[in-house]
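# Breakdown of the fold
Chain by chain, the residues:
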Number of protein chains: 2
Amino acid sequence: MLRLSSFFLLAGVLSAAPCDLVVSARYIVTMNGQHRVIRNGAVAIRGERIVGVGTRADIDRDWQPKKRIDRLNAIVSPGLINTHTHAAMSLFRGIADDLKLQDWLNSFIFPAEAKNVSADFVRWGTRLACLEMLLSGTTTFTDMYYFEDVVAETAKEAGMRGVLGETVIGFPVADAKTPADALKYTEKFLARFHNDPLVVPAVAPHALYTNSDETLKAARTLANKYNAPLLIHLSETRKENDDNQAKRHQSPTQTLNSIGLFVGRTVAAHCVWVDAIDMGILKQKNVGVAHCPSCIMKLASGAAPVVEMLRRGIPAGVGTDGPAGSNNDFDLMEEADLAAKLQKLIRNDPEVLPASQAFEMATMGGARVLGLEKEIGSLETGKRADLITIDLDAPNAVPMYDVYSQLVYALKGSNVLDVVVNGREIVRDRRVLTLDQPAVIAKAREYGLKVAQSVQQKH
Amino acid sequence: MLRLSSFFLLAGVLSAAPCDLVVSARYIVTMNGQHRVIRNGAVAIRGERIVGVGTRADIDRDWQPKKRIDRLNAIVSPGLINTHTHAAMSLFRGIADDLKLQDWLNSFIFPAEAKNVSADFVRWGTRLACLEMLLSGTTTFTDMYYFEDVVAETAKEAGMRGVLGETVIGFPVADAKTPADALKYTEKFLARFHNDPLVVPAVAPHALYTNSDETLKAARTLANKYNAPLLIHLSETRKENDDNQAKRHQSPTQTLNSIGLFVGRTVAAHCVWVDAIDMGILKQKNVGVAHCPSCIMKLASGAAPVVEMLRRGIPAGVGTDGPAGSNNDFDLMEEADLAAKLQKLIRNDPEVLPASQAFEMATMGGARVLGLEKEIGSLETGKRADLITIDLDAPNAVPMYDVYSQLVYALKGSNVLDVVVNGREIVRDRRVLTLDQPAVIAKAREYGLKVAQSVQQKH
């Protein structure tokens, strides 16, 4: 018997394959198709990918890691996916709140952008945003802004995953005089970041009402040439719908569909004012919806029909939107919480959008929105190793009766301890390893003073 | 000249009066009548009270403290005031989410309470709640639960201020067989904590629909005998209104008014379904309203007419409600944020309930609700020294264009660094000095297992 057990032990050690990192914790929330939760589980990582997910005993038997992160009282979850933001606007955080959307844009944001946005501004603003996103558990962000090559460089510097597109808009901006210039910029951008392990380059026409049909069609053609996703704002306000009805006698969704914009992967932000016909189109074209509850509440845009979109099988995730006026932070845990609460309120039904579905929106749902469901969004063998650990040794984390309830309604971004993106440890014990936090904060303050001097202040 | 300046210097030192504590920071948000914000300011404290508020230079000239808290990049603000909760329900955190209110109460909460609530349960549950409240900046909480003497003992142990009332309800509960028993308990409680520096004892009939008119009248009489506030739930759901209409052909507010319940300081939680006549009564009787946005969204109760209540001058604050099903945390910064966003959405106007007004609800507004506006809620000479410091050296805290915007829309409970209550330092650098956090967390886990075994689980 002794000999036999020694044989098995030896076989066990011999059969344990080398890997780079094992992350273990009390709970592994996989967000796989069965929503499997593993008690006392672990995830094994080799290179950029997950090679094993199981009980800690199984993973320890099968894998010999170079390094370990063992968190006794914690959850390991897929990294969170922010499906819509404008990261560099962090430097305009709260510059003009409690205003109507058009006042906010025309009197504050557009002038502030015209006077301040530069490559340097975008670099520091994106660094600031990456710090905040990483510290609150986001591993992938979806961005539309200017100097998007700088956003991409900064995402890579931070070690974050990004689906990034240069904004194409029908007026002159800091780095493009015309939409045609912006599309030229975009083509270079698509070529430069093609096949990047972290950056998915995208094409980002701002919206239907800020671009000509020709620009929109050219954007789609360009996206399809590089097999890139297209990012756009859609039906954010009632006014946007009313104006399009008056002009074209159809909804913005119908118009975009009629010009072929949805032929290819599309991420539509907001979709607050979509009706049954619109949702039929979104479903048919598999358009992904970025739902941003903080933003649409704060700007009083309305409440999107998220429950109905999910019921129809339209891919839907959550986003923070930009932090200037429409949020003002990058905390995706808060957006998942708010998504659930907002739908309950407007549907007059506390049973809709339960916690597990809200957390799905922040993970696998977001991956589906971006067309990255085979790469990220869940902890499964073969996927990119994007994961976070969330502390359960905190007053707001105990007791725990349901792990999804806890994640969505009780735990906060500030409970996030560690972040791994693409197999690389980016945050350890609440410290970002890739960026110089004090330098970024100092620079943000410096920009704050400069911006304040350059534009009218609300107060 | 030398002699003369030496004379003034000497006079300055001589005239500096002794005090116990000076807290200084980049910004002092006083929340006084003029909403004065002092740059590079300080607050001087002697004993339990504030003795000076001004620039750091002025305070340093006038006061010689035994101890200092100097925070370069921080805000000093009044401690936050939670106007409605059931603290010990922390031990039921998330036990049954995403359910209809009546299912939640009858199938989960009432059975769970019947099987688990004891003096020991309330002591540990309240300790857990106090940890979470203190760490997120709350210095005063308003509580209705059972074994309220234990809640009061625990509040004092934690060093928190509490307006606390034993729940009086028309069915047998753990520590009272009848409402009459609960009122007897309450009278002892009122006598015991009369004139306590931290505890304001209250009378807390649960609601109109769970008590007889006789009990409600007796509760009011008892409250007035001891000059104590009365706490009650009011018009939380449409059903509550509909039932009362059917039975009495009037609103719950009208009924309570007709039986004289509002003759004396009253704190009414929720007031979701109050109409113009009801609001006229609330204003006339100076009833304070505890608005709990997370709760009413999560349970789909509706959205309270907060903007209209504030316009009429009805005192209104924010509350978290209990963490079992209706929230599930004690983060008041989040409630202030959500209060602003929810009103914008339902009023279809982003200009309503601006950040400064939302922060007022969490501070002076809450003080007015509780009838404590002369004691707490703002940083003014003569008031109780209840204050917090909030870190501005964090990625989500920079840049800052407007201090109220930052407080309400960008800063989180987790940015709170220090807490002083009644002149005593209770939290220092995110560590609670009065409670044994690891022991409380361990006990909460233990109770979690016990509770889970005792009741049906949703999943």
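Residues numbered from 1 in each chain as written. Chains lettered and ligands numbered in written order. Predicted model: local features only at pLDDT ≥ 70, side-chain atom pairs only at ≥ 80, totals over all residues. Heavy atoms only, no water.

Bringing the relation of the copies chain B and chain A into the picture now. Mapping between the two chain copies consists of a rotation about an axis together with a translation along that axis. Superposing chain B onto chain A requires a rotation of 180° together with a translation of 0.0 Å along the rotation axis, leaving an RMSD of 0.0 Å. Classification of the inter-copy transformation places it as that of a two-fold axis. Scanning chain B for the C-alpha nearest the rotation axis identifies Ser414 of chain B, at a separation of 3.2 Å. (Least-squares fit on C-alpha atoms with pLDDT ≥ 70 in both.)

This part covers the sheet that holds strand β1 (residues 17-29) of chain B. Ordered in space as β3-β2-β1-β4-β13-β14-β15-β16 (chain B), the eight strands form an open sheet in which the pairing is mixed. Both edges of this open sheet fall to β3 (49-55) and β16 (431-432) of chain B, since each of them pairs with a single strand only. (Pairing = 2+ DSSP bridges. Helix = DSSP H or I, 4+ residues; strand = E, 2+ residues; numbered from the N terminus.)

The next point concerns the environment of Ile388 of chain A. Residue and element names in this part refer to chain A. Along the chain, Ile388 falls in strand β13 (residues 387-391). For the pair Ile388 and Leu80, spaced 308 residues apart in the sequence, the C-alpha separation amounts to 8.2 Å. Those residues in contact with Ile388, other than ones at most four positions away along the chain, are Ile75, Val76, Ser77, Pro78, Gly79, Leu80, Gly137, Thr139, Val416, Asp418 and Val419. (Contact = heavy atoms within 4.5 Å.)

At the interface, 67 residues of chain B touch 67 residues of chain A. Buried area between chain B and chain A, summed over both chains or domains, comes out near 5200 Å², and the portion from carbon and sulfur atoms is 58%. The largest share of the area that chain B buries against chain A comes from Asp98, Pro395 and Tyr401 of chain B, three residues that together contribute 15% of it. Across the chain B-chain A interface, the total number found is ten salt bridges. Measuring nitrogen to oxygen at the nearest pair gives 2.5 Å for the salt bridge that ties Lys412 of chain B to Asp329 of chain A. Between the two partners, chain B and chain A, sit 30 residue pairs in polar contact (both at pLDDT 80 or more). Going through the elements one at a time, α4 (119-135), α11 (293-298), α13 (332-347), α15 (403-410) and α16 (437-454) of chain B are the ones with two or more residues in the side of chain B that touches chain A. Looking at which element gives the most residues to the side of chain B that touches chain A, the answer is α16 of chain B, with eight residues. (Buried area = accessible area lost by both parts, 1.4 Å probe. Salt bridge = Lys/Arg side-chain N within 4 Å of Asp/Glu carboxyl O. Polar contact = N/O pair within 3.5 Å; in protein donor to acceptor, adjacent residues only side chain to side chain.)

Our focus in this paragraph is the sheet that holds strand β15 (residues 424-428) of chain A. All names here are of chain A. Taking strand neighbours across the sheet as the criterion, the eight strands line up as β3-β2-β1-β4-β13-β14-β15-β16 in an open arrangement whose pairing is mixed. The open sheet has two free edges, formed respectively by β3 (49-55) and β16 (431-432), since each of these has just one partner strand. Bridge analysis of strand β1 (residues 17-29) against strand β2 (residues 37-46) gives eight bridges, and the strand direction is antiparallel. Residue pairing in the sheet places Ile28 in a bridge with Ile38 of β2.

It is worth spelling out unusual backbone geometry at this point. Across the junction of Asn327 of chain B and Asn328 of chain B, the peptide omega takes the value 15°, indicating a cis bond. Even without being a glycine, Asp98 of chain A presents a positive backbone phi close to 60°. Inspection of the secondary structure assignment puts Asp98 of chain A in the loop between β5 (80-85) and α3 (101-116). Despite not being glycine, Ala300 of chain B has its phi angle at roughly 55°, a positive value. Along the chain, Ala300 of chain B falls in the loop between α11 and α12 (306-311).

Moving on, we come to the state of the cysteines. Residue and element names in this part refer to chain A. All chains considered together, the criterion is met by zero disulfides over all chains. Looking at Cys271, it has no disulfide partner, and the nearest cysteine sulfur is the one in Cys292, 9.8 Å off. Here Cys271 falls in the buried class, since its relative accessible area comes to 0%. (Disulfide = S-S within 2.5 Å. Buried < 20%, exposed > 50% of the residue type's maximum accessible area, 1.4 Å probe, protein only.)

A few words on the domain arrangement of chain A. Residues and elements named next belong to chain A. Here the domain parsing of chain A yields domain 1 (10-78 + 379-428) and domain 2 (80-370). The C-alpha-based centres of domain 1 and domain 2 are spaced at 29 Å. Taken together, the 28 residues of domain 1 in the interface contact 30 residues of domain 2. Summed over both sides, the interface between domain 1 and domain 2 buries roughly 2200 Å², with carbon and sulfur atoms accounting for 64% of that surface. Where domain 1 touches domain 2, the interface holds one salt bridge. For Asp386, the salt bridge is made with Arg161, and the minimal N-O distance between the two is 2.7 Å. Joining domain 1 to domain 2, the criterion identifies four residue pairs in polar contact (both at pLDDT 80 or more). Element by element, the count of residues in the side of domain 1 that touches domain 2 is highest for helix α15 (residues 403-410), at five residues. A breakdown of the residues in the side of domain 1 that touches domain 2 according to their chemical character gives 17 nonpolar, five polar and six charged. (Domains from an automatic or database assignment. Nonpolar A, V, L, I, M, F, W, Y, C, P; charged D, E, K, R; others polar.)

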